[in-house]
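# Fold and geometry: a report
Below are the chains, spelled out letter by letter.
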Amino acid sequence: MIYHLAEAKEFISKITVKRLLNAMRTYWGFKLSLRSKSPWHPAFPFSISVEPTTSCNLRCPQCPSGLRSFSRPTGMMPMETYRKIIDELHGNLMYLILYFQGEPYLHPGFFDLINYAHSKKIFTATSTNAHFLTPENAKKTIASGLNRIIVSLDGTGQATYEKYRIGGQLSKAIVGIENLIAARKSYGHKHPFIILQFIVFEHNRHQIGEVKALAKRLGVDKLELKTAQVYDFEKGSELIPKDRKYSRYTQIENNKIAIKNKHLNKCWKMWHSCVMTWNGDIVPCCFDKDARYTMGNIHDRSFKEIWNGKQYLNFRSRLLSDRKGIDICKNCTEGLEV
């Protein structure tokens, strides 16, 4: 979602007739698929996420990167892999997220990734814990043409912050944000659009007022309160806020915990987006963190062959008939009622 006029202008400036027609075909393909209960996709995704790296400096307890618990290979995305997907899709691609798992700024060629997408006039975004936003990296971020950056900051005091961002330093993250804002001012640019993201847990819920004040003081463009994802939520967790207003879960009969999602048999993400892991595997969405539903690898087949292949067709068919039966969908925010 585009939140700001300046950001909207940047996004609109990158729309071409071909990209617009592709987005329209995607939308109508989705609508006709819902009506017919049979998947039909006459276009390409107009938004994708790519994973620069699985490496991370923090050890967040609900993240495979933080837990070092991946069941899939880990590593850094080669430029060859990145260029392969961008070269095939750039004509239809409107939005590129340079993030899946890991900390993007740990990729030694991260700015080259942004620059390459920028040269193709693609709207780019990333997400970071801000620990590597040194003055130099902040300037490189502005110069790269990055359009949007999400900075995770889940506490207004070190004790609260490090309860989830284990190994992190709140002061370092705040300085990183300040460096980015200072660099943006020095260049006289309005990009990247800076979103301060605060994941609401039970232990930091009382700091929502404080983080609103902090966001205003820092001068970020938007503060976004995000509900926390908990893997084994059925068992309950001290991370889940007791105030259900800030939780994607709710208590049902017999003190059981359930997600506040009806899980209707539809998913817009399966028509307009996908994710590519660092090694070129194409997976359905950001909830498939271990790439268990790999649809193919970009080095073995073209993206077009993967996107229209039998595996993807079968997966979309299953979504239209039994979304509740797909395990990666159980925590999904698509259709979430919060």
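That block above? That's the structure.
The sections below set out a description of the structure shown in this document. (Residues numbered from 1 in each chain as written. Predicted model: local features only at pLDDT ≥ 70, side-chain atom pairs only at ≥ 80, totals over all residues. Heavy atoms only, no water.)

## Points about the overall build of the chain
- For the chain, the helix and strand inventory stands at 12 helices and 11 strands.
- Against the globule reference of 20 Å for 338 residues, the chain gives a C-alpha radius of gyration of 20 Å, in line with a compact fold.
- The principal-axis extents of the C-alpha atoms in the chain amount to approximately 55 × 50 × 40 Å.
- Every one of the 338 residues in the chain was classed for burial, and the buried ones make up 55%.
- Look at the contacts in the chain between residues 6 or more apart in sequence, and 70% of them connect residues 24 or more apart.
- Accessible area for the chain stands at about 15,200 Å²; split by element, carbon and sulfur atoms hold 53% of it.
- Within the chain, one finds 50 positive and 30 negative side-chain charges whose respective centroids are separated by 5 Å. (Helix = DSSP H or I, 4+ residues; strand = E, 2+ residues; numbered from the N terminus. Rg over C-alpha atoms; globule rule 2.2 N^0.38 Å. Buried < 20%, exposed > 50% of the residue type's maximum accessible area, 1.4 Å probe, protein only. Contact = heavy atoms within 4.5 Å. Areas by Shrake-Rupley, 256 points an atom, 1.4 Å probe, with all protein chains shown as cover. Lys, Arg positive; Asp, Glu negative; His and termini not counted. Charge placed at Lys NZ, Arg CZ, Asp CG, Glu CD.)

## Notes on empty space enclosed by the protein
- Taken as a whole, this structure holds one cavity of 30 Å³ or more when the rule is applied.
- Looking at the largest cavity, its volume works out to about 60 Å³.
- Along the walls of the largest cavity sit Cys 267, Met 270, Pro 284, Cys 285, Phe 287, Phe 315, Leu 319, Arg 323, Ile 328, Cys 329 and Cys 332, which together make up its complete lining.
- Across the lining of the largest cavity, the residue classes tally to 10 nonpolar, no polar and one charged. (1 Å grid on protein atoms, 1.4 Å probe; cavity = no way out; pocket = protein on both sides within 12 Å on 5 of 7 lines; lining within 4 Å. Points joined across faces, edges and corners; volume = space filled by probe spheres on them. Nonpolar A, V, L, I, M, F, W, Y, C, P; charged D, E, K, R; others polar.)

## Points about helix α1 (residues 5-13)
- Every buried residue belonging to α1 is among Ala 6, Glu 7 and Phe 11, and all of these are buried. One side of α1 carries all its buried residues, which in axial view fall inside an arc of 140 degrees. Across from the buried face of α1, at angles greater than 90 degrees, the exposed residues are Leu 5, Lys 9, Ile 12 and Ser 13.
- Where α1 is buried, its residues contact β2 (95-98), β3 (123-128), β4 (148-152) and β5 (193-200). (Arc of directions from axis to C-beta.)

## Looking at the nonpolar core
- Of all hydrophobic cores here, the largest spans 85 residues; its most connected members are Val 50, Tyr 82, Ile 85 and Leu 96.
- Broken down by element, this core gets its largest block of residues, seven residues, from helix α8 (residues 170-187).
- In this structure Tyr 82 touches Val 50, Met 77, Leu 96, Leu 98, Leu 113, Ile 114, Tyr 116, Ala 117 and Met 276, once residues within four positions along its chain are discounted. (Core = buried A, V, L, I, M, F, W, Y, C linked by side-chain atoms within 4.5 Å.)

## Considering the packing of aromatic side chains
- Counting across every chain of the model gives 15 aromatic pairs.
- Ring centres of Phe 30 and Trp 268 lie 5.1 Å apart, and the angle between their planes is 55 degrees; this geometry places the pair in the tilted category. Taken together, the residues Phe 30 in helix α2 (residues 17-36) and Trp 268 in the loop between β8 (257-259) and α10 (269-272) connect sequence positions 238 residues apart.
- Exposure remark for Phe 30: the relative accessible area of 7% places this residue in the buried category. (Phe/Tyr/Trp six-rings, centres within 6.5 Å; stacked < 30°, edge-to-face > 60°.)

## Here we look at the pattern of salt bridges
- In this structure the tally under the stated criterion is 10 salt bridges.
- Taking the shortest distance from any N to any O, the salt bridge between Arg 72 and Glu 51 comes out at 2.7 Å. Of the two residues, Arg 72 sits in the loop between α3 (64-67) and α4 (79-89) while Glu 51 sits in the loop between β1 (47-50) and α3, which places them 21 residues apart along the sequence. Of the two residues examined, Arg 72 and Glu 51, each falls in the buried class. (Salt bridge = Lys/Arg side-chain N within 4 Å of Asp/Glu carboxyl O.)

## Regarding the sheet that holds β1
- A sheet is described by the order of its strands in space; here nine strands give the open sequence β6-β5-β4-β3-β2-β1-β9-β10-β11, paired in mixed fashion. With one partner strand each, in any of the chains shown, β6 (222-227) and β11 (296-297) form the two edges of the open sheet.
- Direction of pairing for strand β9 (residues 273-276) relative to strand β10 (residues 281-283): antiparallel, over a ladder of two bridges. Note that in β10 the partner of Met 276 across the bridge is Ile 282. (Pairing = 2+ DSSP bridges.)

## Description of the packing of α4 against helix α5 (residues 110-119)
- At a closest axis distance of 11 Å, the pairing of α4 and α5 adopts a crossing angle of 20 degrees. In terms of their interaxial angle, α4 and α5 are classed as roughly parallel. Considering how the two elements wind past one another, α4 and α5 form a crossing that is right-handed. Between α4 and α5, the contacting residues are Met 79, Tyr 82, Arg 83, Ile 86 and Asp 87 on the first element and Asp 112, Leu 113, Ile 114, Tyr 116 and Ala 117 on the second.
- Across the contact of α4 with α5, the residue classes tally to seven nonpolar, no polar and three charged. (Axes fitted to C-alpha atoms, helices over the stretch in contact; angles between N-to-C directions. Parallel < 35°, antiparallel > 145°, perpendicular 65-115°, else oblique. Left-handed = near helix turned anticlockwise from the far one by under 90°.)

## A short note on the environment of Asn 137
- Inspection of the secondary structure puts Asn 137 in helix α6 (residues 135-144).
- Taking the C-alpha atoms as reference, Asn 137 lies 9.3 Å from Gly 176; in sequence the two are 39 residues apart.
- When neighbours within four sequence positions are excluded, Asn 137 is seen to be in contact with Phe 111 and Phe 132.
- Only 2.8 Å separates the side chain of Asn 137 from the backbone oxygen of Phe 132, close enough to count as a polar contact. (Polar contact = N/O pair within 3.5 Å; in protein donor to acceptor, adjacent residues only side chain to side chain.)

## Concerning the pairing of β2
- Both β1 and β2 contribute to a ladder of four bridges, which runs parallel. In the strand pairing of β2, Ser 47 is matched with Tyr 95.
- This β-α-β element, β2 to α5 to β3, shows right-handed connectivity. (Right-handed = clockwise from strand over helix to strand, strands pointing away.)

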